[in-house]
Amino acid sequence: MEKKDIRALLNSVKSGEVSVDDAVLQLKMEPFKELGFAKPDLHRGLRQGTAEVIYGAGKTPEQIRDISRALLDGGQQRVLITRMSAEAAAVVGAALPLDYHELGKVGIIGGIPEPDGDGSVVIATGGTSDLPVAEEAALTAEMLGNRVDRLYDGGVVGCHLPPVR
């Protein structure tokens, strides 16, 4: 249920068109969408300020697609999918406007929002093998409205510490 739908429901209660009990029942049933294999939380953004995120590992491409669609149909403007395989990205991307970031194995529907706070989150890595998890963290932070500074492959070459005696 979108924010405008909740307002309309509350106005219907105020005007007497809908009883308080009927409104409570509608609100109880609305937060989750039963898909048989998952129950996406459609009200997480309203309750916690951050919308539902899909953890893609262990889900089929079709499950990821269907959960994404349910979130979008439920009023979520953006969907973040972490640990997403290229195979899942192909299936989801055929049905929805997906932007797939292969390095971090992250799928994004709805685009990355503009940063909404002060300062930056710094994601720093020591080497190349850290890049996938670093990019997943960076994209997740950006989807949460943060400005991100990436400092990749800082390494430890040339760090000469005195020997331990």
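Higher on the page you've got the structure.
Quick notes on the rules
Residues numbered from 1 in each chain as written. Predicted model: local features only at pLDDT ≥ 70, side-chain atom pairs only at ≥ 80, totals over all residues. Heavy atoms only, no water. Helix = DSSP H or I, 4+ residues; strand = E, 2+ residues; numbered from the N terminus. Expected span 1.5 Å × (residues − 1). Pairing = 2+ DSSP bridges. Contact = heavy atoms within 4.5 Å. Axes fitted to C-alpha atoms, helices over the stretch in contact; angles between N-to-C directions.

**Here we look at helix H4 (residues 61–73)**
In step 1: For H4, with 13 residues, the first-to-last C-alpha span of 18 Å sits near the 18 Å given by 1.5 Å per residue.
In step 2: Looking one or two residues past H4, Gly-75 carries a phi angle of roughly 105°, positive in sign.

**Quick look at the sheet that holds strand S4 (residues 106–109)**
Pairing between the strands of a sheet comes from backbone hydrogen bonds, and it takes one of two forms, parallel or antiparallel.
In step 1: The strand order across the open sheet formed by 4 strands is S1-S2-S4-S3, and the pairing between neighbours is mixed. Each end of this open sheet is capped by a strand with a single partner; those strands are strand S1 (54–55) and strand S3 (98–101).
In step 2: Pairing of S3 with S4 involves 4 bridges; the strand directions are antiparallel. The residue of S4 that forms the bridge with His-101 is Val-106.
In step 3: Contacts between H4 and the sheet are confined to S1, strand S2 (79–82) and S4, with S2 contributing the most and set at about 155° to the helix.
In step 4: Contacts from helix H5 (residues 86–95) reach S3 and S4, with the element oriented near 165° to S3.

**A short note on the environment of Ile-123**
In step 1: Within the fold, Ile-123 resides in strand S5 (residues 121–124).
In step 2: It is 11 Å that separates the C-alpha atoms of Ile-123 and Thr-140, two residues lying 17 residues apart in sequence.
In step 3: Non-local contacts of Ile-123, meaning those with residues more than four positions away in its chain, are made with Ala-134, Ala-137, Ala-138, Val-148, Asp-149, Arg-150, Leu-151 and Tyr-152.

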